[in-house]
Amino acid sequence: MLDKIFTPHGKHLIAGEWVAGETTFESDPASGPSHAFAVGTPDLVNRACEAAEEAFWCFGYSNRETRAVFLDTIADEIEARADQITLIGTRETGLPEARLQGERGRTTGQLRLFASHIRAGDYLDRRHDEALPDRDPLPRPDLRMMQRPIGPVAVFGASNFPLAFSTAGGDTAAALAAGCPVVVKGHSAHPGTGEIIAEAIHAAIARTGMPKGVFSLIQGGKRDVGTALVQHPLIKAVGFTGSLGGGRALFDLCAQRPEPIPFFGELGSVNPMFVLPNAAQARGTEIGKGWAGSLTIGAGQFCTNPGIAVIETGAAGDAFVSAAAEALKDTPAQVMLTDGIAQAYRDGKARFDGRNTVKPVLTTDQEGRTARPNLYETDAATYLQDHALGEEVFGPLGLVIRVSGAAQMAELAKGFEGQLTATMHMDDGDTAIARSLLPVLERKAGRVLVNGFPTGVEVADTMVHGGPYPASTNFGATSVGTLSIRRFLRPVCYQNMPEGVLPEDLG
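Let us look at the structure shown here. Within every chain, residues take consecutive numbers counted from 1 along the sequence as written. Per-residue local features are limited, in this predicted model, to residues with pLDDT of at least 70; the limit for side-chain atom pairs, both in listing and counting, is 80 or more; totals at the level of whole chains, interfaces and linings are taken over all residues. Water and hydrogen atoms play no part in the side-chain values, which are based on all heavy atoms of the structure.

### What to know about the environment of methionine 463
And step 1. The way it works is that DSSP assigns letters per residue, a run of H or I at least four long becomes a helix, a run of E at least two long becomes a strand, and they are numbered from the N terminus. Here methionine 463 is to be found in the loop between β20 (445-450) and β21 (489-495).
And step 2. Placed 19 residues apart in sequence, methionine 463 and threonine 482 show a C-alpha to C-alpha distance of 8.0 Å.
And step 3. By definition, residues are in contact when any of their heavy atoms lie within 4.5 Å. Those residues in contact with methionine 463, other than ones at most four positions away along the chain, are Arg447, Val457, Glu458, Thr478 and Val480.

### A short note on unusual backbone geometry
And step 1. In this chain, aspartate 136 is followed by proline 137 through a cis amide linkage whose omega measures 5 degrees.
And step 2. In this model, tyrosine 469 is joined to proline 470 through a cis peptide bond whose omega is 10 degrees.
And step 3. We note that aspartate 125 has phi near 50 degrees; this positive angle belongs to a residue other than glycine.
And step 4. Topologically, aspartate 125 is positioned in the loop between α4 (97-120) and β5 (127-129).
And step 5. Residue class for aspartate 125 comes out partly exposed when judged on its relative accessible area of 22%.
And step 6. A positive phi angle, near 50 degrees, is found at asparagine 271, a position not held by glycine.
And step 7. Locating asparagine 271 in the fold gives a position in the loop between β11 (263-266) and β12 (273-275).
And step 8. On the accessibility criterion, asparagine 271 (0% relative accessible area) is buried. Exposure classes here rest on a 1.4 Å probe applied to the protein chains alone. A residue is buried below 20% of its type maximum, exposed above 50%, and partly exposed in between.

### Looking at helix α1 (residues 42-59)
And step 1. Spanning 18 residues, α1 covers 24 Å between terminal C-alpha atoms, matching the ideal 26 Å at 1.5 Å per step.
And step 2. If you check which residues of α1 are buried, you get Leu44, Val45, Ala48, Cys49, Ala51, Ala52, Glu53, Ala55, Phe56 and Phe59. To estimate the expected span of a helix, subtract one from its residue number and multiply by 1.5 Å.

### A word on the pairing of strand β6 (residues 143-149)
And step 1. In terms of residue burial, β6 counts as a mostly covered element, since 6 of its 7 residues are buried.
And step 2. Any two strands with at least two DSSP bridges between them are considered paired. In terms of strand pairing, β5 meets β6 through 3 bridges, oriented antiparallel. Residue histidine 128 lies in a different strand from β6, and its bridge partner there is arginine 144.
And step 3. Of the pairings in the sheet, the one linking β6 to β21 comprises 7 bridges and is antiparallel in character. From the neighbouring strand, leucine 143 faces β21, where its bridge partner is glutamine 495.

### With respect to the sheet that holds β5
And step 1. Read across the open sheet, the 3 strands follow the order β5-β6-β21; overall the sheet is antiparallel. At either margin of the open sheet sits one strand with a lone partner, and together these are β5 and β21. Strand-to-strand twist in this sheet, taken as the mean axis angle between neighbours without regard to direction, amounts to 25 degrees. Angles shown run from 0 to 180 degrees and are taken between the N-to-C directions of axes, each axis being a line fitted to C-alpha atoms and, for helices, limited to the stretch in contact.

### Comments concerning helix α14 (residues 431-444)
Turn by turn, an α-helix covers 3.6 residues, leaving residues three or four places apart pointing in a common direction.
And step 1. Look at α14: 20 Å from first C-alpha to last across 14 residues, which is about the 20 Å you get at 1.5 Å a residue.
And step 2. Maximal helix bending in α14 amounts to about 35 degrees, located at leucine 438; proline proline 439 follows within four positions.
And step 3. Within α14, burial applies to Ala434, Leu437, Val440, Leu441 and Lys444.
And step 4. Contact partners of the buried residues in α14: β12, α13 (406-415), β19 (419-425) and β20. Bend at a given residue is defined as the angle between two axes, one fitted to the seven residues that end at that position and one fitted to the seven that begin there.

Below, the structure is given as C-alpha cells:
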C-alpha cells in the first residue's frame, strides 16, 4: 500500500525551478486518470541550455568522486520513490508491474555502475609520452592525453522504456558521469513518469550541492521544441532512442548546424535470427517456441525484438514454423504503449497483408490499443527483391525466411541492412557454417549472439547496443554499457604542461 500516491503537477524543471507553461496537453494513460502537463517552448529550451552551459564550468571540472556521489544519490532518490514510480509508470504505459520494477532496477543499476566506472578512472584513457630532450634530429616534448567532457548534452526520452532509456536512463547517466550537464526532452507517452524521476534528480542536486543547471526536463511541445534543442549552439551532442524517421530528421538537423554536432541515435532494427541446420534438426521445435516468446515479450516493443527468423526449407524448418505459430496463437492481446504505436502496428501488418511476396502463417485482428501476434513466411530470393519486408514493424510481428542451404543463408545475411543484433542457433555440427557466417554478421550488427534471444540487454562493460546504419547513426558508439560514456568525451593533449597546471586527473 502506497503511503502517498504521486500526483503530477505538470511543470517543467528548468535549472532548479518548476516552471508552468501557457498551454498544456493531457496525458493519455492506459489506465487511471489523465493529467495536464505544460507544453515546452523554444524559450524554455534556451533557458535550460544557458543554465546547462553555466553549470558546465563547475560540473565539467568537478572531481570524479563528486560526480560519483551525485550518481549514487540519484539512484537512492529513485529507489525512495519506487512504489510511486511503478504505479504511475504502469498506468501511463500499460506495462506490467514486474516490468517496471525490473526496469527501475536497471535504471538505478546503470547510475551506480557509472559511479563505480568513473571512480576507477579507466575511462579517461590517460597516456603519457615523456619528453626526450636529447632525441635526434629533433627533441620530443612532454605529452599527456586524457578524455574530457564535451559540454551540455540533449537527451530525448524513449517511448518504450519510460525509465531505462528516458529521464535518468543510460544516456543521461553516461553524460552526467562524463561531466556533461543534461537537458532532457521528455516523451509525451509517459510525462508523469518523467516528472517523478526529474523530482528524484532535483532532490539529488539539492542533497549534493550540484549546480542547478546540471539537469533540466522539458515536457511536451511540437517539433519546434526538438528542433530548438538540437540546434541550440550550446548543445554539444544529442542522445536519441526512437523511430528511424524521427531520428533521421534530428540527425540531419545536427549536421546542418553552423557547428555540426554528433547525433547518437538508436533507431531500431529487425534483429535477424539464423537457425543453422543441425540445431534446426535437433531442436527446431524448441527454438520456434522460444522465438515466439521473445517476439511477444512486452508486446514486441523492444528495439532488439527478433523480427526475422532464417531457416532452411524442409521438415525441420516446417517444424520450427509450426511450433512458433502454435505458441503465438496462444498469446493473448497485450496493451501497447500508445494509441499511435498501436496504429503503427496495424499499419505494419496491413503492409504485409497487402503483399503477394509473403505467405500468412498466422494472422490476427487488432483492436484499439492492444496487439496480438502475426506471423508470415517468404523465401530468400523474394526477400532480397522486396526490401520493404526488412522495415521494422514495432510489435509482435514475425517473418520467417526460408533458404535452400548454407550458401543462400550467407547471401541473405549480406543483404540485410545494419542491425543492433544478429543471432545464430547452432549445435556442434554447425561450427563450420557458423564460422563462415560470423564475418558477415560482424559487419551487420553490434552484438552477435549464439543460442539465445536478443531481447534483454545486459548493462555491462562489454555490452554494445548500436550497429551500422540504420540501426544507429554512429556505428562506433553504444547506448548501453560503460563504453557509452565515450560518446560525451573528447581527447585533449597537454604539451609541456607544468604539474601545477595539469588537470587533477593527470597530475
